[in-house]
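Letter by letter, the chains look like this.
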Amino acid sequence: MKAHFNLKKAFKKIFLNAFFINANQTLKKRLPKFCLTFLILFSGVMAFAAEKGTISGKVVEEVGGLSIPSAIISVYLGDAEQPLITSTSDDDGFFSIKNLKSGNYRIKISFVGYAPLVVNGIILTDKDFDKNLGSLKLSSEQNALQEVTITVQKPAIEFGADGVTYNVGSTLLAEGSTATDVLKNVPMVQVDIDGNATIAGKKSTRVFIDGKPSDYMTSNIADLLNVLPSDAIEKIAVLTNPPAKYSGDGEGIINIVMKKGFKVGFNGNIGIAVGVQGNGNANTNASYRGKNYAINGSAAYRYNVGKGENNSYRENFFPDTTFYYDQSGANKSKSRGANFRLGFDWDITPKQNIRLSTNYNDNTSSSNSANDLRYLSEQLIEKRLRNQANTGDGNSNNVVINADYKLQTDTSGGNLSIGLTFNNNGSSDLRAYNTSYLPIGISRATLQKNNNDIGNNGITFNLDYDKPVFKKRDRVELGLAYNYRKNDNDLLVENFNFQTQQFVTNDRLSNQFLYSENILAGYASYNYRNAGWGVKTGVRTELTDVAFDLSTGENYNVKPYLSIFPNFSVNKFFRKRYNFGATYSVRINRPRENTLNPQVNNVDTLNISYGNPNLSPSYTHQMDISFGAFGQKWSFTPRLSYSTSQGVIERFRTVTLIPGSTSARSESTFDNVGTNNSLALILIGNYRPTNKISANGNFSVIQSNYTSKLNSALNRDGLSIRGTFGFSMQLPQKTAFESNLNYANNVSAQGRNKGSVTSSFSARKMFFSNRLNFRVTLNDIFGNRSNTIYNEGENFRLQSFSTNNTQNFIFSLNYRFTKIAKKILPPPPATP
């Protein structure tokens, strides 16, 4: 290196002398050639020096200091959003990233089961080109569903044997939107036209927020997700094999992890978004971190205008007649929603922590719709016309209060956690249905009002303890949990008497449904990791006691039942770039108030629906095999999943002739339709040709086979297809572009649900040192979102089509109060 710097000084001296000797004409003539030769030599020397930079270190466990092999090392240059280089630690935990140019770097170190660690401010120069960071300690991430605060840009998608993690802050489409919008772009997740999210290959999906079940804490989880601001979300974990610590309900869990604000000082942002369809939202969140406490909060408001059209065509087949129903309609709705969150985190002592949080959600809506139903004869001649005009007004509110206490019981890594959650929500829905017929006189006009009030409250308690046992490479987890829920569904139906000009209560349809549920659970699990191997095994038992009754005097007391849920997974990292995983678990789908409630919905008298109080729980055995291959610029993770479910709970439709009439009525209810065997192939990949371009995609094909001993019409099989493709690019002048495409086509016990291609294209421009960003998003450029349902039974065929005004231009602004604080580790001690 001394020779290298002496050479630079010599070049500099010769160049200056030659440049300033004006009297020498010969040198003037030769100066251009000389300079060219000099620049070539100088560039070569500097390039050789500039790419000699090295960043090295050793990855170890925080507790015990044991080395961690195969940890992922991601190197970022400056403020780049994509890693420049990705590597792994060797079998002894060491890593060395070479051939780096001079510059300001940061690295992120991550490994399954540990909280990612970020090191900032690594500056390489031609005089200081070798940085040894020493031992870098990763802390154990005790709970795969718990939030881990990361202060720098992360890859959008991270993979594990038990699922996929989608880092919300790493995508442009997440800025200024809602949880529902973000879920549409999460791998393996599908969001239907009503805002309900499911996991590919799973018949039932639970939605958690911060590791706590939220789908049963509100009357409508879609309303909550549609107002929950994306800027307050840290990440979304898709768990196909949830750990034993959590409820056995649902074949998979979508866990939404909120930001907790553990950055030093005061931080926050405020944003607003407006769409040309008339929709808009505004949100703000802020956090303050003191020496031993943190306070964070957020608020959001949403306004939405919905428009849609629908059409259904039903063929009715009976021994002596065939006739048809052709129904078309349109609807328009307006809704408003507000969400408020507040959290307080206090480190009482270095070994004790308490976290308090609360969430309040409020929604109001109004709607009106109209539809025409044409009665067609066997010769497709219109016999009569039914017209129905509907109006509706609704409101709902929901409050959740959480308290969590954590104690480090010893220096070897033992932890005790206690959690308590209280939730209460209510909703009110008032609807009116005005029906008339042509020709006049064939059927009487009717006017009906439905007033539906729903209350739901519950308490959840959990006690958890975990501790390493042998050489701190393993962990034992033990716990107890209790969950209580109560639901009160009061439906008042009134019909208008045209003679007295008064509304009269319909005692046959009015009813109050009371539901209570108690679940007591205990679990034990053991995790072990060594030499690239990771093994998790556990078992959970749940005692369920359910009771419900109707105001009519009908009582249903389900005999308490005990369920056992084993759980096992094995994972192996090898050759620093490959990963193999296998999992097995048993899950349950419990029938709850939405499927059990026998209250009749007769809004459309030819298409009525009700619940089934005689449903039984459905159990699923599921197995997954995954393989991951990772390079510096790409990753590919195929998964093969098999499940078999007994007593699958699905909606089941029958069509019968109305006594004394030539009309046929469709009755839809839930039933244990039979057994479903499902085989799914899921392909997930990511490619980064440069540090500014990234493409990702996931594709799943699912073979489902239904068999039923009760109804041969349910013996069928078919393929479900889901696919997502995403692309992002960093452009000059602090601009960026991102796009996503989605498609779904799913089979069911009685038919198929076919969606359209949905899309999002977004461009962003940053201003004022990245504090202000302006974003333009175009949703569904190929046309409004549509959905087609095919249904078939022994004596009917039904095809339904619906579309909504999802094609939209959205403009949004977001401003950060302060620059994101990033913790810079102190320099490692100098080596002798």
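Residues numbered from 1 in each chain as written. Predicted model: local features only at pLDDT ≥ 70, side-chain atom pairs only at ≥ 80, totals over all residues. Heavy atoms only, no water.

Within the protein chain one finds five helices and 45 strands. Taken across its 832 residues, the protein chain has 49% of its residues classed as buried. Within the protein chain, residue pairs in contact and separated by at least 24 positions form 66% of the contacts whose partners lie at least 6 positions apart. (Helix = DSSP H or I, 4+ residues; strand = E, 2+ residues; numbered from the N terminus. Buried < 20%, exposed > 50% of the residue type's maximum accessible area, 1.4 Å probe, protein only. Contact = heavy atoms within 4.5 Å.)

Within the element layout of this structure, E158 appears in strand 8 (residues 157-160). As a C-alpha pair, E158 and S635 span 477 residues in sequence and 10.0 Å in three-dimensional space. Once residues lying within four places of it in the same chain are set aside, the contact partners of E158 are K108, G163, V164, T165 and N167.

Counting 26 residues, the largest nonpolar core has L183, V189, I236 and I256 as its most contacted members. Setting aside residues no more than four positions away along its own chain, I256 makes contact with V207, F208, I209, D210, L225, L228, I233, K235 and I236. Judged by nonpolar contacts, the second largest core, of 23 residues, contains A71, I73, Y105 and L133. (Core = buried A, V, L, I, M, F, W, Y, C linked by side-chain atoms within 4.5 Å.)

Here the distance between the centres and the angle between the planes together describe a pair of aromatic rings. Tallied over the entire structure, the rule returns 11 aromatic pairs. Aromatic side chains F318 and F323 sit 6.0 Å apart centroid to centroid with 15 degrees between the ring planes, which places their arrangement in the stacked category. Residues F318 and F323 agree in their burial class; the two are buried. Grouped by ring-pair contacts, the aromatic residues F318, F323, Y325 and Y375 constitute a single cluster. Positioned above the aromatic ring of Y375, the side-chain terminus of R384 is 4.0 Å from the ring centre. (Phe/Tyr/Trp six-rings, centres within 6.5 Å; stacked < 30°, edge-to-face > 60°. Lys NZ or Arg CZ within 6 Å of the ring centre and 35° of its normal.)

Think of it this way: side chains of opposite charge can pair up when their charged atoms draw near. In the structure shown here, the tally under the stated rule is 18 salt bridges. With a closest N to O distance of 2.8 Å, D604 and R386 form a salt bridge. Taken as a pair, D604 in strand 30 (residues 601-604) and R386 in strand 21 (residues 382-408) lie far apart in primary sequence, 218 residues in all. By relative accessible area, D604 is classed as buried at 13%. Residue E667 is joined to R665 by a salt bridge in which the shortest nitrogen-to-oxygen separation is 3.6 Å. (Salt bridge = Lys/Arg side-chain N within 4 Å of Asp/Glu carboxyl O.)

Here is the key point about a regular strand: its side chains alternate between the two faces of the sheet. Here strand 18 (residues 293-318) pairs with strand 44 (residues 796-804) via nine bridges, running antiparallel. Note on strand 44: the bridge partner recorded for E315 is R797. Taken together, the seven bridges between strand 43 (residues 786-792) and strand 44 define a ladder with antiparallel strand orientation. Its bridge partner lying in strand 44, I789 is registered against S800. Adjacent in sequence and paired antiparallel, strand 43 and strand 44 are bridged by three residues. (Pairing = 2+ DSSP bridges.)

There is about 1000 Å³ of room inside the second largest pocket. Forming the walls of the second largest pocket are 31 residues, and the residues nearest its centre are Y437, R444, T446, N495 and T605. Counting only elements with at least two residues in the lining of the second largest pocket, the list comes to strand 21, strand 22 (415-438), strand 23 (446-467), strand 24 (474-497) and strand 30. When its residues are assigned to classes, the lining of the second largest pocket shows 13 nonpolar, 13 polar and five charged. (1 Å grid on protein atoms, 1.4 Å probe; cavity = no way out; pocket = protein on both sides within 12 Å on 5 of 7 lines; lining within 4 Å. Points joined across faces, edges and corners; volume = space filled by probe spheres on them. Nonpolar A, V, L, I, M, F, W, Y, C, P; charged D, E, K, R; others polar.)

Turning our attention to unusual backbone geometry. In this chain, L438 is followed by P439 through a cis amide linkage whose omega measures -5 degrees. Examined against the element boundaries, P439 turns out to sit in the loop between strand 22 and strand 23. Backbone geometry places L380, a non-glycine residue, at a positive phi of 65 degrees. Relative to the elements of secondary structure, L380 occurs in the loop between strand 20 (352-376) and strand 21. The class of L380 is exposed, set by a relative accessible area of 51%. Backbone geometry at Q733 places phi at a positive 60 degrees, although glycine is not the residue there.

Now for a nonpolar patch on the surface. A cluster of nonpolar side chains, I401, I418, L420, F422, I459, F461, Y482, L520, V539, L543, L562 and I564, forms an exposed patch at the surface whose accessible area comes to about 1000 Å². Listed by contribution, the elements that provide at least two residues to the nonpolar patch are strand 22, strand 23, strand 27 (533-550) and strand 28 (555-574). Among the elements that make up the nonpolar patch, the one with the highest residue count is strand 22 (three residues). Considering the arrangement of structural elements, one finds L543 in strand 27. Classification of L543 by relative accessible area gives partly exposed; the value is 41%. (Patch = residues over 30% accessible without salt bridge, like charges linked within 9 Å, V, L, I, M, F, W, Y side chains within 5 Å. Areas by Shrake-Rupley, 256 points an atom, 1.4 Å probe, with all protein chains shown as cover.)

Across the eight residues of strand 5 (residues 103-110), seven count as buried, placing the element largely inside the fold. By the bridge criterion, six bridges tie strand 2 (residues 72-77) to strand 5 in an arrangement that is antiparallel. The residue of strand 5 that forms the bridge with V75 is I107. Judged from the six bridges that link them, strand 5 and strand 6 (residues 117-124) form a sheet pairing that is antiparallel. Bridged to N104 within strand 6 is I123.

On to the sheet that holds strand 7 (residues 130-138). Reading across from one edge, 4-1-7 is the order of the three strands in this open sheet, with mixed pairing throughout. Each edge of the open sheet carries a strand with a single partner, namely strand 4 (94-100) and strand 7. Neighbour to neighbour, the strand axes of the sheet diverge by 15 degrees on average, direction disregarded. (Axes fitted to C-alpha atoms, helices over the stretch in contact; angles between N-to-C directions.)

Turning to the sheet that holds strand 3 (residues 85-88), a few remarks are in order. Strands sit in the order 3-2-5-6 across an open sheet of four strands; the sheet is antiparallel. Because the sheet does not close on itself, it has two edges, and the strands there are strand 3 and strand 6. For this sheet, the mean inter-axis angle between neighbouring strands, taken without regard to orientation, is 25 degrees. Here strand 2 pairs with strand 3 via four bridges, running antiparallel.

Turning our attention to a positive patch on the surface. A cluster of basic residues, K307, K332, K334 and R336, forms a positive patch at the surface. Along the chain, R336 turns up in strand 19 (residues 321-349). (Lys, Arg positive; Asp, Glu negative; His and termini not counted. Charge placed at Lys NZ, Arg CZ, Asp CG, Glu CD.)

Moving on, we get to the confidence of the model for the protein chain. One rule of thumb: low pLDDT means the predicted coordinates there are not for detailed reading. With 84% of its residues at a pLDDT of at least 70, the protein chain reaches an overall mean of 82. Low pLDDT (under 50) marks residues 1-50, which in the prediction has 22 contacts with non-local residues, meaning those over four places away or in another chain. Counting interchain partners and residues more than four positions distant, the pLDDT-below-50 stretch residues 819-832 has 22 contacts. (pLDDT = per-residue confidence, 0-100.)

Now for the environment of A481. Here A481 lies in strand 24. Placed 61 residues apart in sequence, A481 and E542 show a C-alpha to C-alpha distance of 9.1 Å. Here A481 is in contact with F461, N462, I519, L520, A521 and R540, once residues within four sequence places are set aside.

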